[in-house]
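Topology and contacts: notes
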Amino acid sequence: MEFTHLRWGREGARTLVLCSGLGGAQGYWAPHLDALKPQFDLILYDQRGTGANACDLGPTSIADMADDVLEVCDAAGVDRFDLMGHALGGLVGFDLATRAQRRVERVVAINAWPEIDAHTARCFDIRLATLAGQGLEAFAALQMNFLYPPFWIAAHPEKIAAEEAHAVAHFQGAANITHRIGALRDFRLPEKLDGKGILLVASKDDALVDVAQSERLAERLPGSKLVIFTQGGHAMNLTKRDAFESEVLPFLAAE
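In this report, the structure presented in the accompanying data block is examined. (Residues numbered from 1 in each chain as written. Predicted model: local features only at pLDDT ≥ 70, side-chain atom pairs only at ≥ 80, totals over all residues. Heavy atoms only, no water.)

All told, the structure shown has two cavities of 30 Å³ or more when counted by the stated rule. The computed volume of the largest cavity comes to approximately 70 Å³. Together, Tyr-45, Gln-47, Arg-48, Leu-57, Thr-60, Asp-64, Met-65, Asp-68 and Arg-180 line the largest cavity. Ranked by residue count, the leading element in the lining of the largest cavity is helix α2 (residues 62-75), at three residues. Looking at the lining of the largest cavity residue by residue, the classes come out as three nonpolar, two polar and four charged. Taken as a whole, the second largest cavity holds about 30 Å³ of empty space. Contributing to the lining of the second largest cavity are His-32, Leu-36, Met-84, Phe-244, Glu-245, Val-248 and Leu-249. (1 Å grid on protein atoms, 1.4 Å probe; cavity = no way out; pocket = protein on both sides within 12 Å on 5 of 7 lines; lining within 4 Å. Points joined across faces, edges and corners; volume = space filled by probe spheres on them. Helix = DSSP H or I, 4+ residues; strand = E, 2+ residues; numbered from the N terminus. Nonpolar A, V, L, I, M, F, W, Y, C, P; charged D, E, K, R; others polar.)

Moving on, we come to helix α4 (residues 118-134). Given 3.6 residues per helical turn, the α-helix brings residues three or four places apart onto the same face. The end-to-end C-alpha separation of α4 is 23 Å, in line with the 24 Å expected for 17 residues at 1.5 Å each. Against the buried residues of α4 lie α5 (136-147) and α8 (174-186). The positive-phi residue at the C-terminal boundary of α4 is Gly-135, with phi of around 100°. (Expected span 1.5 Å × (residues − 1). Contact = heavy atoms within 4.5 Å.)

Estimates place the volume of the largest pocket at around 1,000 Å³. If you go around the largest pocket, you meet 44 residues; those closest to its centre are Gly-23, Ala-25, Tyr-28, Glu-163 and His-166. Among the elements that line the lining of the largest pocket, the one with the most residues is α5, at seven residues. Per-class residue counts for the lining of the largest pocket are 25 nonpolar, 14 polar and five charged. Empty space within the second largest pocket amounts to approximately 170 Å³.

We now examine the environment of Leu-200. Along the chain, Leu-200 turns up in strand β6 (residues 198-203). Distance in space between the C-alpha atoms of Leu-200 and Val-248 is 9.7 Å, their sequence separation being 48 residues. Setting aside chain neighbours within four positions, we find Leu-200 in contact with Phe-94, Ala-109, Ser-214, Leu-217, Ala-218, Ser-224, Lys-225, Leu-226 and Val-227.

Before going further, it helps to spend a moment on the packing of aromatic side chains. Tallying each qualifying case throughout the model produces four aromatic pairs. For the ring pair Phe-3 and Tyr-45, a centre distance of 6.4 Å and an interplane angle of 85° mean the geometry is edge-to-face. Note that Phe-3 is positioned in the segment before β1 (5-9) and Tyr-45 in strand β3 (residues 41-45), a separation of 42 residues in sequence. Taking the relative accessible area as the measure of exposure, Phe-3 reaches 8% and is therefore buried. When the ring centre of Trp-8 is taken as origin, the NZ or CZ atom of Lys-37, which lies over that ring, is 5.1 Å away. (Phe/Tyr/Trp six-rings, centres within 6.5 Å; stacked < 30°, edge-to-face > 60°. Buried < 20%, exposed > 50% of the residue type's maximum accessible area, 1.4 Å probe, protein only. Lys NZ or Arg CZ within 6 Å of the ring centre and 35° of its normal.)

The next thing to look at is the nonpolar core. Within the largest apolar cluster, 50 residues are counted, with the highest numbers of intra-cluster contacts made by Ile-62, Val-69, Phe-81, Val-92, Phe-94 and Leu-96. In terms of residue count, the dominant contributor to this core is α2 (seven residues). With 29 residues, the next largest nonpolar core counts Leu-44, Met-236, Phe-244 and Phe-251 among its residues. (Core = buried A, V, L, I, M, F, W, Y, C linked by side-chain atoms within 4.5 Å.)

In structure tokens:
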């Protein structure tokens, strides 16, 4: 398909592709744009089957999603790039750093994993059962509790309500979300991946992905850097944005 994408930031700077998680929407990164645009040539896109690139997805894989990133970059005339990915987006970065090593320089993976564990698999089962049994509104409400920690939900009730409503209005469809979760279940960290140029960021209070998963990644990716936050939840890059950016921006800007 011909992907719709956005390109913002500083012309001639290092290119940074922003790759979202299960929701697939480029809007996830909006809170970071003010910090990123002055330093990077940014590429944002809605993933296949979501938002501006909506379609019936069918069975898919992380490798398919990585190929989509390459297609977006080819369309933008970009050869080499860095990638920052949240959860699913981090797995896409790992695949690209293995199969397209010449093109990918650095990867930032937020709350990612080497392969799914029983806890995260159970969370996905609960989410799909909620969607099937209680409907889209309940599914969207549950999503907020997986994304955000209690302190954030308690402090931002209006924001949470608005985000729930947006999730309902722009839902990618039950079939697509099921196929995308299937891709997450099937992913296995490539054995030959080099950890050099990879930053792993995790939060101890992530309700969806145990922080031990990032610790396992660090063990299996010698040369990678691991940063663990005490609080922040699954979307810790948003709930602890300033602290997150203070770690990530120097890593991406380094020569």
